[in-house]
Amino acid sequence: AALEAANVHLRDQAAKMGRERIGSTIAGLLIASDTEGLVFNVGDSRVYRIRQGQIERISQDQSVMARQIESGMVSEEEARA
């Protein structure tokens, strides 16, 4: 509910500034207990885990480019360019 409220506020403020095409992106971690957590992301923000000197991406972008890479329309190299 908090993320939705923040997005609604962002869109309202953008509309007041004459910017109709705008969105929001967020990524985070909710720690529920010593043994449980919830990773989330919306948009093209990513979540990474750093453990024992290694960096690992643990979420996927929710973007047009990510969908094009997944479908094979665009390669990783083409996307970087």
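For the structure itself, consult the block above.
Computed from a predicted model, the values in this text were never measured in an experiment.

Asks: I'd love a proper account of unusual backbone geometry, names of residues and values included.
Replies: In this structure, Q52 is a non-glycine residue whose phi angle is positive, near 50°. The topology assignment puts Q52 in the loop between strand 3 (48-51) and strand 4 (54-57).

Asks: Mind laying out the pairing of strand 2 (residues 37-42), listing which residues take part and the relevant values?
Replies: Strand direction decides the pairing type here: strand 1 (residues 26-31) and strand 2, joined by six bridges, are antiparallel. Along strand 2, the bridge assignment pairs I26 with V42. Hairpin connection from strand 1 to strand 2: five residues lie between these consecutive antiparallel strands.

Asks: I'd love a proper account of the pairing of strand 3, names of residues and values included.
Replies: Inspection of the sheet shows strand 3 paired to strand 4 by four bridges, in the antiparallel sense. Among the inter-strand pairings, R49 is bridged to a residue of strand 4, identified as E56.

Asks: Talk me through the pattern of salt bridges; I want residue IDs and the actual numbers.
Replies: Evaluated as defined, the whole model comprises two salt bridges. Between D61 and R46 there is a salt bridge, with its nearest N and O atoms 2.9 Å apart. Taken as a pair, D61 in the loop between strand 4 and helix 2 (64-71) and R46 in the loop between strand 2 and strand 3 lie far apart in primary sequence, 15 residues in all. Residues R49 and E56 are paired through a salt bridge, measuring 2.9 Å at the closest nitrogen-oxygen approach.

Definitions and cut-offs
- Residue positions within a chain follow its written sequence, with the count starting from 1.
- The predicted origin of the model limits local features to residues at a pLDDT of at least 70 and limits the giving and counting of side-chain atom pairs to 80 or more, whereas totals for whole chains, interfaces and linings rest on all residues.
- Water and hydrogen atoms play no part in the side-chain values, which are based on all heavy atoms of the structure.
- Put simply, DSSP H or I for four residues or longer makes a helix, DSSP E for two residues or longer makes a strand, and each gets a number counted from the N terminus.
- In this analysis, strands are considered paired if DSSP registers two or more bridges between them.
- Salt-bridge detection follows one rule: a side-chain nitrogen of Lys or Arg within 4 Å of a carboxyl oxygen of Asp or Glu.

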